[in-house]
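# What the coordinates show
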Amino acid sequence: MEYVLTADDLTKQYGRFRALDHFSMHVQKGAIYGIVGKNGAGKTTLIRLICGLQRPPSGHYALYGRPDTDREINRIRRRVGAMVETPSVYPDMSAADNLKEQYRILGLPSFDGLDFLLELVGLSHTGRKKAGNFSLGMLQRLGIAMALAGDPDLLILDEPVNGLDPQGIIEIRELILKLNRERQITVLISSH
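Residues numbered from 1 in each chain as written. Predicted model: local features only at pLDDT ≥ 70, side-chain atom pairs only at ≥ 80, totals over all residues. Heavy atoms only, no water.

## Examining the sheet that holds strand 1 (residues 3-14)
Sheet architecture is open: 4 strands sit in the order 2-1-4-5, paired in antiparallel fashion. The sheet is open, and its two edges are formed by strand 2 (17-28) and strand 5 (66-67), each paired on a single side. (Pairing = 2+ DSSP bridges. Helix = DSSP H or I, 4+ residues; strand = E, 2+ residues; numbered from the N terminus.)

This is the structure:
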């Protein structure tokens, strides 16, 4: 069995509050894996650790079999696309321009695939409309497109349906299933 992510005995505290308490999990390649818990249960903390935004003071994790202490872990993380908490977008830019900036940040040599990503997430019709004028569902879809910009094998989505109406939830769910089935992307999703 091949795992894209393993976590063993992760513990993380903020002052006296223990966000993760000896947490372990194994995410099999090709799976859609859900982390469900109430607010404050440690879901975002786990995601921040995996994405390298924080360090685990106790326990460890591995991506594609490489431990978090491996010198090559940042190179391995390039196979991961993530949307942590709310999508970070430039509100005065269009969806396409936001994606172009993401391509630049990732060091991608061209904007190949940009139109495909906009179509995939249902934003190809937005044209020059500024992201600051997007609905919450449109922002979530743009965040997912930005997470997909580097063509990842593992997609990590932190509460992507938070605040969406029932139709928006259905659309995001169908998108996740499509990415998993058609592009064989492993998905780790958190939700309360």
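## Overview of helix 3 (residues 95-106)
For helix 3, built from 12 residues, the straight-helix expectation of 16 Å at 1.5 Å per residue is met to within 8% by its first-to-last C-alpha distance of 17 Å. Inspection of helix 3 places Ala-95, Ala-96, Asp-97, Asn-98, Leu-99, Gln-102 and Tyr-103 among the buried residues, and these make up the whole buried set. If you follow the buried residues of helix 3, they end up packed against helix 4 (114-120) and helix 5 (136-148). (Expected span 1.5 Å × (residues − 1). Buried < 20%, exposed > 50% of the residue type's maximum accessible area, 1.4 Å probe, protein only. Contact = heavy atoms within 4.5 Å.)

## A short note on helix 1 (residues 43-50)
Along helix 1, 7 of the 8 residues are buried, which leaves the element largely enclosed by surrounding structure. Restricting attention to buried positions, one finds in helix 1 the residues Lys-43, Thr-44, Thr-45, Leu-46, Ile-47, Leu-49 and Ile-50. Considering only its buried residues, helix 1 is in contact with strand 1, strand 2, strand 3 (32-36), strand 4 (58-63), strand 7 (154-158) and strand 8 (186-191). A positive phi of about 80° marks Gly-52, the residue just after helix 1.

## Quick word on the side chain of Ser-94
On the secondary structure map, Ser-94 appears in the loop between strand 6 (80-83) and helix 3. Residue classification places Ser-94 among the buried residues on the basis of a relative accessible area of 2%. Apart from residues no more than four positions distant in its own chain, Ser-94 is found in contact with Gly-127, Arg-128, Lys-129 and Lys-130.

## A few points about the pairing of strand 8
Consecutive side chains of a regular strand alternate in pointing toward one face of the sheet and then the other. Burial within strand 8 is extensive, with 5 of its 6 residues counted as buried. Taken together, the 5 bridges between strand 3 and strand 8 define a ladder with parallel strand orientation. Along strand 8, the bridge assignment pairs Ile-35 with Ser-190. Note: strand 7 against strand 8, 5 bridges, orientation parallel. Within strand 8, the position partnered with Leu-155 by the bridge is Val-187. Between the parallel elements strand 7 and strand 8, the chain passes through helix 6 (residues 166-183) in a crossover that is right-handed. (Right-handed = clockwise from strand over helix to strand, strands pointing away.)

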